[in-house]
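A structural walkthrough
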Amino acid sequence: MIVDILTLFPEMFVPITTSSILKRAVTRGILEVSLTNIRDFAYCKHRVVDDYPFGGGAGMVMKPEPILLAVESVIARARARGVVNTRVILMSPAGSTYKQDTAARLSQSEHLVFVCGHYEGVDERVSQLVVDEEISIGDYVLTGGELPAMVVVDSVARLLPGVLGSYESSVDESFAANLLEYPQYTRPRECRGVTVPDILLSGNHKEIAKWRRGQSLQRTLARRSDLLSQPLSKIDEELLRRANKDSMISQNPGKEG
Ligand code: 4GS
């Protein structure tokens, strides 16, 4: 996958491609991240990229022409390499909220172009002329679209075939889609008097999988019931009942606990 990032602050992206899993994706040739400074396409006297808003008001607005030229430039470069399909994405709080299914959809593209706005916003004609979709990473206001673009690139890249090792595999996640993760434990078995649930030490993989699903269901119901859109299956209802029973016992250990 080719990812082009258009920004006034390309240096912000250096850490994401030079560490951990994304670095591996790049060295394996699965992901290519290319940074373009929008200012390089500002052909006016002092390379100005922003201007006062028509109609007045606070802050500055990013001028359309440098962004349009930058988008056209990276698309032309990709076309010359045989890329036929590009999606141009504008990171904006006004976009549709980013979700894991958005990541899955974007991971199917061969070329993504991210436009990162700074200042108060981006001239609306950029959206009208070249943007395919606007994406928001959540209901809060940042100083620029750079961090949101990094969030999207990170979450899309880890879904590309060959990026994750079998240990980190994202296959498990699709089964547990729309559920919160079950609790994880590692050594030691006891930490400051708090022990790891016995089932995880049992070696019974079938029972462990059932316990984990019960835990996921219980957590999701307690913390994010908005994620449970459909009624639970009979099996899930039973696993949830067992999880609830287990937590009653651990809260008030009688002769069973
Ligand atoms: C977001 C967000 C954002 C909005 C960019 C104010 C600078 C800033 N972009 N998801 N102007 N949340 N953008 O806050 O995507």
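Preceding block: the structure.
On a predicted model such as this, the values are computed, not experimentally measured, just so you know.

The next point concerns the overall build of the chain. When you go through the chain residue by residue, the secondary structure sums to 9 helices and 10 strands. The C-alpha radius of gyration of the chain comes to 24 Å, more than 25% above the 18 Å expected for a compact globule of 257 residues. Relative to its full complement of 257 residues, the chain shows a buried share of 37%. Contacts in the chain between residues far apart in sequence, at least 24 positions, make up 76% of those at least 6 positions apart. When the accessible surface of the chain is summed, it comes to about 15900 Å², and 53% of that surface belongs to carbon and sulfur atoms.

What follows deals with a nonpolar patch on the surface. Taken together, the side chains of M12, Y140, L142 and L147 present a nonpolar region at the surface, about 350 Å² in accessible area. Among the structural elements, L142 can be located in the loop between β8 (133-136) and α6 (146-157).

On the basis of which strands lie adjacent, the open sheet formed by 5 strands has the order β2-β1-β6-β5-β8 and parallel pairing. One side of each edge strand has no neighbouring strand; the edge strands of this open sheet are β2 (32-37) and β8. Averaged over all neighbouring strand pairs, the angle between strand axes comes to 30 degrees, with direction disregarded. Strand direction decides the pairing type here: strand β1 (residues 2-7) and β2, joined by 6 bridges, are parallel. Within β2, the residue paired with D4 across the bridge is S34. Packed on one face of the sheet, α6 meets β1, β5 (87-97), β6 (111-116) and β8 and runs near 160 degrees to β6.

Take the site of the ligand next. Surrounding the ligand, one finds 17 residues, the nearest of these being Y119, I137, G138, Y140 and L142. L142 places a polar main-chain atom, nitrogen or oxygen, 2.9 Å from an oxygen atom of the ligand. A total of 370 Å² of accessible area belongs to the ligand in isolation, and the protein chains cover 92% of it. Counting only elements with at least two residues in the shell around the ligand, the list comes to β5 and β8.

About the criteria used
Residues numbered from 1 in each chain as written. Predicted model: local features only at pLDDT ≥ 70, side-chain atom pairs only at ≥ 80, totals over all residues. Heavy atoms only, no water. Helix = DSSP H or I, 4+ residues; strand = E, 2+ residues; numbered from the N terminus. Rg over C-alpha atoms; globule rule 2.2 N^0.38 Å. Buried < 20%, exposed > 50% of the residue type's maximum accessible area, 1.4 Å probe, protein only. Contact = heavy atoms within 4.5 Å. Areas by Shrake-Rupley, 256 points an atom, 1.4 Å probe, with all protein chains shown as cover. Patch = residues over 30% accessible without salt bridge, like charges linked within 9 Å, V, L, I, M, F, W, Y side chains within 5 Å. Salt bridge = Lys/Arg side-chain N within 4 Å of Asp/Glu carboxyl O. Pairing = 2+ DSSP bridges. Axes fitted to C-alpha atoms, helices over the stretch in contact; angles between N-to-C directions. Near = heavy atom within 4 Å. Polar contact = N/O pair within 3.5 Å; in protein donor to acceptor, adjacent residues only side chain to side chain.

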